[in-house]
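Results of the structural survey
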Amino acid sequence: MRILRGIPGFVVRRLLLGVLTLWVASLVIFAATQALPGDAARSILGRNATPESLADLRQQLGLNRPVVEQYTDWIGGVLTGDFGTSLAAALPVTEVIGERIEYSAFLMLIAAIVSIPLAVLIGAVSARRRDGPFDHTMSIITLALAALPEFVVGIAFVVVLATTVFHVFPAVTLIDPGVGPWHYPKELVLPTLTLVIAVTPYIARIMRASMVEILESDYVEMARLKGLSERLVLWRHAVPNGIAPTFQVIAINLAFLAGGIVVVEYVFNYPGIGAGFVDAVRSRDMPVVQALSLLIAAIYVVLNLLADVATILVSPRLRTSLK
Amino acid sequence: MSDLAVAVPGHAGRHRPWLLLLAGTWRQGRTKIGLAIVLVLVGTALVGPFFAPYAPDEPVVVDEVFAFPFDPPSDAAKLGTDDIGRDVLSRFLWGGRSVLALSALATLLGVAIGLPVGLFAAYSRGLLDDVLMRGMDVILAFPQLVLALVAVATVGPQIWLLVLAVGITTAPRVARVVRGAAVEVVERDFVRAAESLGEPRRRILAGEILPNITSPLVVEATLRFTFSIAVIAALSFLGFGLQPPAADWGLMINENRQGLEVQPWGVVLPIAAIGLLTIGTSLVGDGLSRASIGIERGSGER
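Overview of the structure. (Residues numbered from 1 in each chain as written. Chains lettered and ligands numbered in written order. Predicted model: local features only at pLDDT ≥ 70, side-chain atom pairs only at ≥ 80, totals over all residues. Heavy atoms only, no water.)

Helix and strand counts for chain A come out as 14 helices and zero strands. Across chain A, helices and strands are ordered from the amino to the carboxyl terminus as α-α-α-α-α-α-α-α-α-α-α-α-α-α. Here the C-alpha coordinates of chain A stretch approximately 85 × 65 × 35 Å along the principal axes. Of all 323 residues assigned to chain A, the portion counted as buried reaches 48%. Residue pairs in contact within chain A that sit at least 24 positions apart in sequence constitute 71% of those at least 6 positions apart. About 15,800 Å² of surface is accessible on chain A, with carbon and sulfur atoms providing 66% of the total. When the 24 basic and 23 acidic side-chain charges of chain A are each reduced to a single mean position, those positions are 12 Å apart. (Helix = DSSP H or I, 4+ residues; strand = E, 2+ residues; numbered from the N terminus. Buried < 20%, exposed > 50% of the residue type's maximum accessible area, 1.4 Å probe, protein only. Contact = heavy atoms within 4.5 Å. Areas by Shrake-Rupley, 256 points an atom, 1.4 Å probe, with all protein chains shown as cover. Lys, Arg positive; Asp, Glu negative; His and termini not counted. Charge placed at Lys NZ, Arg CZ, Asp CG, Glu CD.)

Structure, rendered in structure tokens:
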């Protein structure tokens, strides 16, 4: 194990753990879709299905084969980029979800670009003005907003900004297929806002806690004693160090965005993987359900991995302890 | 046996943390606000049906004619009608029970599974600890809603399945917190003392360790209840919870969405109720967690 030392070693070990987690996650998904009580073919076709159509579907789904063989077939396909055939669309799963991934990635990206700096700002200023009116107000607001389910926030936006009170933004996203989501800035506003409200409070609260600790530390005191302005102390010295401990929380929250988009995309009829997932659940399109849930787990694993590596890279203390 | 137990340090204050926690929690202004909100909504859900002018699935009839869908408020329907001409107010008053009952059950199930796993992992340490907690980590790789939806896709929208799915996905989160708190307690002298007295493991877990982790457990359970409400309500909003013609806040929102332009009440009432409920429980949870930090600092346990 001599080779696995230092930062490369840490990354390799984290990578292996990530792969292991994903593999077990694939087992969980497979077990949930295959081993749960009930006959998948019957639940897809309903009670009035004829024995012949049931047998046909079982054949098509491969339900007649041993469970282990079904799993190895599925995971073998996944590893070669073949997620099977969508039952609802009769097309390869990759074709069904390909464009949706693009749409969701874009939505998540702008939500992250808006919410991370906003959360850092709120957290830093709250910590700087600790126990002042801004801090107290933000504490209550972030607590309340963090508690709200995303669909409540989304529908509230629809009521206030799209239908009942004002008509500023469209309530649903009507997007022509094949056109990038960036061509529809007005349609993107409400879904983005909803996602921003879903994640900003968590990051802001952890940023505040981290900053409170750092603002009391010796080197911040040192910087103050050097005669640096309070603004410079905060943004040059404290904030860069305060962000590192929040990476984990940012990663978890970005991964949570991947789950949050399920409801948010459904509310706004936004054609991404979230709305696709709900459609697939409704139509019992199991290959699509399996592919998308594995994708969401993969997003979580990758983001956590990146957060761990980023934390190591920016914290001098942790970096040297690995050598 | 009990004589011996009293002599063991740590036992004297066994029941005190509870009272301290509750007293400290009550002292916070936000707890009172949160509790008031929760009580009003739970009261509405429990007692509301007795005051509902109509049965939940009964159409509104005016002069022997069925009311229109999405009728604005009138004398016959104080807050208007819903998507198929039923009374919005009555359906709102009937629709809170399911959300509350299902999320409470799911949270209880999550605690019932997560608590023993966390305790057991903390007490056994070593390989078993690693295996148990890594296994729990895998479930954490899925947002709760996603795993619940996978189960719904396989089995279909069943009420017991929602409770089971939300409960099972709550468990690892509870287990993590319990393990984190219990790991420190396991090292203490009174646990060693109980071990040397030959107390069975089950007794040590339930009698020695559990009473010393009540604060973090209660805080976590309250937090989990908030999330359970969010997930259960989201599932029924998506149409995978109670099925029509049931009256349910989440379902109501989806049924009445198309009528927002003309008759917003069928959406606004349940949205406000679910939103306030989660805010209320999270205010109570925040009060509890602030109080429990105070207790831990005050008793010098860290």
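Residue and element names in this part refer to chain B. Per the counting criterion, the structure on display carries 20 salt bridges over all chains. In this structure, Arg-134 and Asp-137 form a salt bridge, with 2.8 Å as the shortest nitrogen-oxygen distance. Taken together, the residues span about one helical turn, with Arg-134 and Asp-137 both in helix 6 (residues 126–140) at a distance of three residues. Assessed through its relative accessible area of 19%, Asp-137 is described here as buried. (Salt bridge = Lys/Arg side-chain N within 4 Å of Asp/Glu carboxyl O.)

Now for the nonpolar core. Membership of the largest hydrophobic core comes to 126 residues, with the highest contact counts inside it found for Phe151(A), Phe277(A), Leu149(B) and Phe237(B). A total of 13 residues in this core trace back to one element, the largest contributor, which is helix 11 (residues 247–268) of chain A. Not counting chain neighbours up to four residues away, the residues in contact with Phe277(A) comprise Val262(A), Val289(A), Leu292(A), Ser293(A), Val146(B), Leu149(B) and Val150(B). Of all hydrophobic cores here, the second largest spans 19 residues; its members include Ala122(B), Ala194(B), Leu205(B) and Ile209(B). (Core = buried A, V, L, I, M, F, W, Y, C linked by side-chain atoms within 4.5 Å.)

Mapping Gly123(A) onto the fold places it in helix 5 (residues 93–128). If we skip the residues at most four places from it in the chain, Gly123(A) touches Ala204(A), Met207(A) and Arg208(A).

Residue and element names in this part refer to chain B. Here Thr-170 lies in helix 8 (residues 159–186). You can call Thr-170 buried: its relative accessible area is 0%. Not counting residues within four places of it along the chain, the set of residues in contact with Thr-170 comprises Gly-110, Gln-144, Arg-224 and Ser-228.

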